[in-house]
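Below, each chain spelled out in residue letters.
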Amino acid sequence: VQLVESGGGSVQPGGSLRLSCAASGFTFSRYGMSWYRQAPGKECELVAHITSAGGSTNYADSVKGRFTISRDNVKNMVYLQMNSLKPEDTAVYYCKADYIQYWGQGTQVTVSS
């Protein structure tokens, strides 16, 4: 199993970023996928989840209406479009497959003026 996150960076409040996660080593289309984040000194937080076929999504209240999770089962990719970013969105973001205990290296998102 391999999950490689990318797309993080530094952005001003109100800005946007699109995170990507490349998956390999398992049958991607059979697994729901999630984005998690961990800020310094805080617990890991589930940000968004998408079902295996992409038909259903769920979001943490803190990001609802600002973030959108999507996936491409041909390319084995999952994405997180983040708009209207706030300083409290600063964290390392990870993607994870349901029921598979593997974490990638994550991608840092920093929102600061």
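Structure report, in brief. All values derive from a computational prediction rather than experimental measurement.

Moving on to the sheet that holds strand S2 (residues 9–11). The six strands lie next to each other as S2-S10-S9-S4-S5-S6, forming an open sheet whose pairing is mixed. The sheet is open, and its two borders are formed by S2 and strand S6 (57–59), each paired with just one other strand. The mean angle between the axes of side-by-side strands here comes to 25 degrees, regardless of whether they run parallel or antiparallel.

Moving on to the side chain of Asp-98. By the element assignment, Asp-98 lies in the loop between strand S9 (91–97) and strand S10 (107–111). Buried charge without a partner: Asp-98 forms no salt bridge, and the closest opposite charge is Lys-96, 6.1 Å away. There is a polar contact of 2.9 Å between the side chain of Asp-98 and the side chain of His-49. Once residues within four sequence positions are removed from consideration, Asp-98 is found in contact with Tyr-31, Gly-32, Met-33, Ser-34 and His-49.

Counted according to the given criterion, the structure contains four aromatic pairs. Geometrically, the ring pair formed by Phe-26 and Phe-28 is tilted, given 6.2 Å between the ring centres and 55 degrees between the ring planes. Phe-26 gets classed as buried once you look at its relative accessible area, which sits at 13%. Summarising the aromatic geometry, the rings of Tyr-94 and Trp-103 are spaced 5.9 Å apart at their centres and angled 90 degrees between planes, so their arrangement reads as edge-to-face. Exposure remark for Trp-103: the relative accessible area of 37% places this residue in the partly exposed category. One aromatic cluster is present, built from ring pairs that chain together Phe-26, Phe-28 and Tyr-31.

This part is about the pattern of salt bridges. Inspection of the entire model under this criterion finds four salt bridges. Across the pair Arg-37 and Glu-45 runs a salt bridge, and its minimum N-O distance is 2.8 Å. Its salt-bridge partner being Asp-89, residue Arg-66 comes within 2.7 Å of it at the nearest N-O pair. In this pair, Arg-66 sits in the loop between S6 and strand S7 (67–72) while Asp-89 sits in the loop between strand S8 (77–82) and S9, placing the two residues 23 residues apart along the sequence. Each member of the salt-bridge network shares a partner with another, and the members are Arg-37, Glu-45, Arg-66 and Asp-89.

Attention now moves to the environment of Gly-104. Mapped onto the fold, Gly-104 is located in the loop between S9 and S10. Put simply, Gly-104 and Ala-23 are 81 residues apart on the chain and 9.7 Å apart in space, counted from C-alpha to C-alpha. In this structure, Gly-104 is in contact with Leu-3, Glu-5 and Tyr-94, ignoring residues within four places of it in sequence.

Despite not being glycine, Ser-84 has its phi angle at roughly 50 degrees, a positive value. Relative to the assigned elements, Ser-84 resides in the loop between S8 and S9. On the basis of relative accessibility, which here comes to 40%, the residue Ser-84 falls in the partly exposed class. Its identity as a non-glycine residue notwithstanding, Tyr-99 has a phi of 70 degrees, on the positive side. Inspection of the secondary structure assignment puts Tyr-99 in the loop between S9 and S10. Given the relative accessible area of 77%, Tyr-99 is considered exposed.

The rules behind each value
Residues numbered from 1 in each chain as written. Predicted model: local features only at pLDDT ≥ 70, side-chain atom pairs only at ≥ 80, totals over all residues. Heavy atoms only, no water. Pairing = 2+ DSSP bridges. Helix = DSSP H or I, 4+ residues; strand = E, 2+ residues; numbered from the N terminus. Axes fitted to C-alpha atoms, helices over the stretch in contact; angles between N-to-C directions. Buried < 20%, exposed > 50% of the residue type's maximum accessible area, 1.4 Å probe, protein only. Lys, Arg positive; Asp, Glu negative; His and termini not counted. Salt bridge = Lys/Arg side-chain N within 4 Å of Asp/Glu carboxyl O. Polar contact = N/O pair within 3.5 Å; in protein donor to acceptor, adjacent residues only side chain to side chain. Contact = heavy atoms within 4.5 Å. Phe/Tyr/Trp six-rings, centres within 6.5 Å; stacked < 30°, edge-to-face > 60°.

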